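Topology and contacts: notes
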Amino acid sequence: MQTRTPGNTQGIDVSRYQGTIDWAKVKASGMTFVFIKATEGRTYTDPNFQQNVAGALAAGMLVGTYHFFRGTTTEIAKAEAAHYANTLQKVGGAKALQLPPVMDYENNPDNLSRAQMNTVAKAFLTELQRLTGIKPIIYTGNSFAGNFDASLGTYDLWIARYSNTRVPDDQPAWKRWTFWQYTDSGKVNGITGNVDMNEFEGTAAQLRARYATTTTPPNPPKPTEPTNPPNPTEPPKGGEPMTTEEKAAFDALKAQVERLQARQQMEVPVWAKAAVEAALAYDPKNPLFSIDNGASYDFYRFITVMHRRGLFKK
């Protein structure tokens, strides 16, 4: 496979083992992307998953997630895919993130045959894509990758080979890597202890472009609702009379806010405070919402994105 190239964008992957992470420092250290552990098997969820996703997004990183695969039958594989997809809904769904979900398949404790391994892998990948609408990535080790047949070569490869001199080997399914995890003992400002280091086969702009058609910006609504806000037109300035068009845009935005706010409620997270304050201050006489009793995670994400787009500037 190809070598690492100067100019390729850098990233990390994390789980609960990295503890509490200062994501602003991670981003400032030059890390562009991160894959965050979400789930394992049919029931386990990483306890730091939601906290890590929220922090990385707030810092402006490109975020993906991964699932540690343990499936030994197609039924178990599909159950694991459902557990992963359901857990992703806690952060707005797979399409709320900039990078695709990942199947981490790196060991075979039940000694499945290669044919069986490929069967359960395909069952998981197919079910996960059906549930999320996004084609997953496969993560595996340099030696373990030889178990996968050529039919899995249509999936992007994230491969682990810890070496400064040797590139990952060509495999039956792949001759190039998309991501290379090149060490498990990296040091990054904002993280205590070691962290896995990764490289994408291109620049940060190329990474964004590669997956731009398969994922959407943060703040996705429910699958039955439009992907984008009903009308991105800037709402009318506070105190000025509304035209018919402005009132329609304002009412559509308010309806979207109310739908998101009605979900499970929580206090205002730190990363959303500036956006909430700006939205509430926009037109105090005719506020978009009230958060006296809290609001949902998706609501805060929605308001944050609207704020970043400048909709609450006077």
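You'll find the structure just up there.
Reference entry: report on the structure contained in this document.

Reading guide: rules and limits
Residues numbered from 1 in each chain as written. Predicted model: local features only at pLDDT ≥ 70, side-chain atom pairs only at ≥ 80, totals over all residues. Heavy atoms only, no water. Helix = DSSP H or I, 4+ residues; strand = E, 2+ residues; numbered from the N terminus. Buried < 20%, exposed > 50% of the residue type's maximum accessible area, 1.4 Å probe, protein only. Contact = heavy atoms within 4.5 Å. Areas by Shrake-Rupley, 256 points an atom, 1.4 Å probe, with all protein chains shown as cover. Salt bridge = Lys/Arg side-chain N within 4 Å of Asp/Glu carboxyl O. Core = buried A, V, L, I, M, F, W, Y, C linked by side-chain atoms within 4.5 Å. Arc of directions from axis to C-beta. Axes fitted to C-alpha atoms, helices over the stretch in contact; angles between N-to-C directions. Parallel < 35°, antiparallel > 145°, perpendicular 65-115°, else oblique. Nonpolar A, V, L, I, M, F, W, Y, C, P; charged D, E, K, R; others polar. Phe/Tyr/Trp six-rings, centres within 6.5 Å; stacked < 30°, edge-to-face > 60°. Lys NZ or Arg CZ within 6 Å of the ring centre and 35° of its normal.

The next point concerns the overall build of the chain. The helix and strand inventory of the chain stands at 8 helices and 9 strands. The buried share of the chain, taken over its 314 residues, is 54%. For the chain, the proportion of contacts with a sequence separation of at least 24, taken over those separated by at least 6, is 69%. Of the accessible surface of the chain, which amounts to about 14400 Å², a share of 50% is contributed by carbon and sulfur atoms.

Let us now look at unusual backbone geometry. The phi angle at N111 is positive, at roughly 55 degrees, despite the residue not being glycine. The topology assignment puts N111 in the loop between β5 (102-104) and α4 (114-132). You can call N111 exposed: its relative accessible area is 65%.

This next bit is on the pattern of salt bridges. Two side chains with opposite charge may pair up if their charged atoms get near one another. In the structure shown here, the tally under the stated rule is 10 salt bridges. A salt bridge links R210 to D156; the shortest N-O distance between them is 3.0 Å. With R210 in helix α5 (residues 204-211) and D156 in the loop between β6 (137-141) and β7 (157-160), this residue pair connects regions lying 54 residues apart in the sequence. Given the relative accessible area of 35%, R210 is considered partly exposed. Among the charged side chains, a network of salt bridges with common partners joins D156, R176, E201 and R210.

I12 and Y105 are the most contacted members of the largest nonpolar core, which totals 55 residues. Per element, the largest residue contribution to this core is 7 residues, and it comes from α4. The residues contacting I12, other than those within four sequence positions of it, are W23, V26, M31, F33, V34, F35, V188, I191, V195, D196, M197 and N198. A272, A275, Y282 and F299 belong to the second largest nonpolar core, which has 17 residues in total.

Our next topic: helix α7 (residues 273-282). Within α7 the residues assigned to the buried category are A275, V276, A278, A279 and Y282. Seen from one end, α7 has its buried residues packed into an arc of 165 degrees, which puts them on one side. If you follow the buried residues of α7, they end up packed against α8 (297-308).

Here we take up the packing of α7 against α8. Between α7 and α8, whose axes approach to 8 Å, the crossing angle comes to 75 degrees. Regarding the angle of α7 to α8, the classification is roughly perpendicular. Between α7 and α8, the residues in contact are A274, A275, V276, A278 and A279 and Y300, I303, T304 and H307, respectively. For the contact of α7 with α8, a count of residues per class yields 7 nonpolar, 2 polar and no charged.

Turning next to the environment of K27. Note that K27 resides in helix α1 (residues 23-28). For K27, the residues in contact, after removing those within four places along its chain, are A59, G60 and M61.

With the rule as written, the count across this model stands at 15 aromatic pairs. With a centroid separation of 6.1 Å and 80 degrees between ring planes, the pair formed by F148 and W174 is classed as edge-to-face. Within this pair, whereas F148 is found in the loop between β6 and β7, its partner W174 is found in the loop between β7 and β8 (179-186), the two being separated by 26 residues in sequence. A single burial state applies to F148 and to W174, both of which are buried. Ring pairing ties together the aromatic residues F33, F35, Y66, Y139, W158, F179, F200 and Y211, which thus form one cluster. Over the aromatic face of Y182 sits the side chain of R4, whose NZ or CZ is 3.6 Å from the ring centroid. Residue placement shows K135 over the ring face of Y155; its charged tip is 4.9 Å from the ring centre.

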